[in-house]
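# Structural overview
Residue strings, one per chain:
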Amino acid sequence: MTFCFIGIGSNENPEYHCQKMVEALRQRFGRIWVSSLKKTAAHGVKAADYVNGVVCFEANVDPYALKVWCRELESQLGRVRGGTECTADLDILFLVDTLPFETALPTVDCYYQGLFQQVVRMVWQSQVEHSG
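Residues numbered from 1 in each chain as written. Predicted model: local features only at pLDDT ≥ 70, side-chain atom pairs only at ≥ 80, totals over all residues. Heavy atoms only, no water.

One can find methionine 122 in helix H3 (residues 113-131). It is 9.4 Å that separates the C-alpha atoms of methionine 122 and cysteine 56, two residues lying 66 residues apart in sequence. Not counting residues within four places of it along the chain, the set of residues in contact with methionine 122 comprises Trp33, Val34 and Ser35. (Helix = DSSP H or I, 4+ residues; strand = E, 2+ residues; numbered from the N terminus. Contact = heavy atoms within 4.5 Å.)

A separate point is the confidence of the model for the protein chain. Per-residue confidence for the protein chain gives a mean pLDDT of 89; residues scoring 70 or more make up 92%. Mean pLDDT across the elements of the protein chain bottoms out in H3 (83) and peaks in helix H1 (residues 14-29) (98). (pLDDT = per-residue confidence, 0-100.)

The description of an aromatic ring pair uses the distance of the two centres, along with the angle that the planes make with each other. Throughout the structure, instances matching the rule amount to five aromatic pairs. When the ring of phenylalanine 5 is compared with that of phenylalanine 94, the centres are 6.0 Å apart and the planes differ by 40°; the resulting orientation is tilted. Residue phenylalanine 5 is found in strand E1 (residues 2-10), and its partner phenylalanine 94 is found in strand E5 (residues 89-96); the two are separated by 89 residues along the sequence. Here the aromatic residues Phe5, Phe94 and Phe116 are joined through ring pairs into a cluster of three or more. (Phe/Tyr/Trp six-rings, centres within 6.5 Å; stacked < 30°, edge-to-face > 60°.)

Bringing the nonpolar core into the picture now. Ranked by internal contacts, the top residues of the largest apolar core, which has 22 residues, are Ile8, Leu25, Phe57, Leu66 and Leu90. For this core, the elements supplying multiple residues, two or more each, are E1, H1, strand E4 (50-59) and helix H2 (63-76). When residues of this core are assigned to their parent elements, the largest contribution, six residues, is made by H1. For leucine 90, the contacting residues outside a window of four places in its chain are Ile6, Gly7, Ile8, Met21, Leu25, Cys70, Leu73 and Glu74. Ranked by size, the runner-up nonpolar core spans 16 residues in total, among them Phe3, Phe94, Tyr111 and Val120. (Core = buried A, V, L, I, M, F, W, Y, C linked by side-chain atoms within 4.5 Å. Buried < 20%, exposed > 50% of the residue type's maximum accessible area, 1.4 Å probe, protein only.)

The next thing to look at is the side chain of serine 35. Secondary-structure assignment places serine 35 in the loop between strand E2 (32-34) and strand E3 (38-40). Note on serine 35: relative accessible area 6%, which makes it buried. Discounting chain neighbours no more than four positions away, the residues touching serine 35 are Gly53, Val54, Leu115, Gln118, Val119 and Met122.

To continue, consider the state of the cysteines. Per the counting criterion, the structure on display carries zero disulfides. Counting only cysteine sulfurs, cysteine 56 is the nearest neighbor of cysteine 4, a cysteine outside any disulfide, at a range of 7.2 Å. You can see cysteine 70 has no disulfide; the closest cysteine sulfur is in cysteine 4, sitting 9.0 Å from it. Residue class for cysteine 70 comes out buried when judged on its relative accessible area of 2%. (Disulfide = S-S within 2.5 Å.)

Spacing of three or four residues puts side chains on the same side of an α-helix, whose turn is 3.6 residues. For H2, with 14 residues, the first-to-last C-alpha span of 20 Å sits near the 20 Å given by 1.5 Å per residue. Where H2 is concerned, the buried positions are Leu66, Trp69, Cys70, Leu73 and Glu74. The arc enclosing the buried residues of H2, seen along the axis, measures out at 140°, which places them on a common side. Facing away from the buried surface of H2 by more than 90 degrees, the exposed residues are Tyr64 and Ser75. Once H2 finishes, glycine 78 follows within two positions and takes phi at roughly 95°, a positive value. (Expected span 1.5 Å × (residues − 1). Arc of directions from axis to C-beta.)

Written out as C-alpha cells, the structure reads:
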C-alpha cells in the first residue's frame, strides 16, 4: 500500500468546497487522515485568501491515475483554470510505500508545511497504535 498525501485548497466558498473534497476522498479511498484547515494568502496571483488542508490515505494507486482522478474531482466541483477564483485544488504532495518516512519528508509549499506535519503525526500515531 502507498501512503498518498494530497493538498486541498479553495478560495471560493472554501469551507464548503474543502468539505466536499474531503467527502469525495473518503468515499473513494475509505479511511483518511485530515489536517485542520488553515486560511492562507494566495501565492503568485492576486486573489482571495485560500483555505488549505492536507489529506492522507493508503491505496494501491497509480500516480498518473490519481492525478487524473484529482483533476476530474476539481472539474466536478466547478474549477475553471486560469481565473483568480478556485473552487477546488487538489495537489499530490507525496507518495510513499514504507513507514517510517520521517527521513524522506518532502519540501512542500509553505501553505501546506504545518498541515503536512500534522497529518504525518496522525498517520504515524495510527500506525503505532495499530501495531501495538
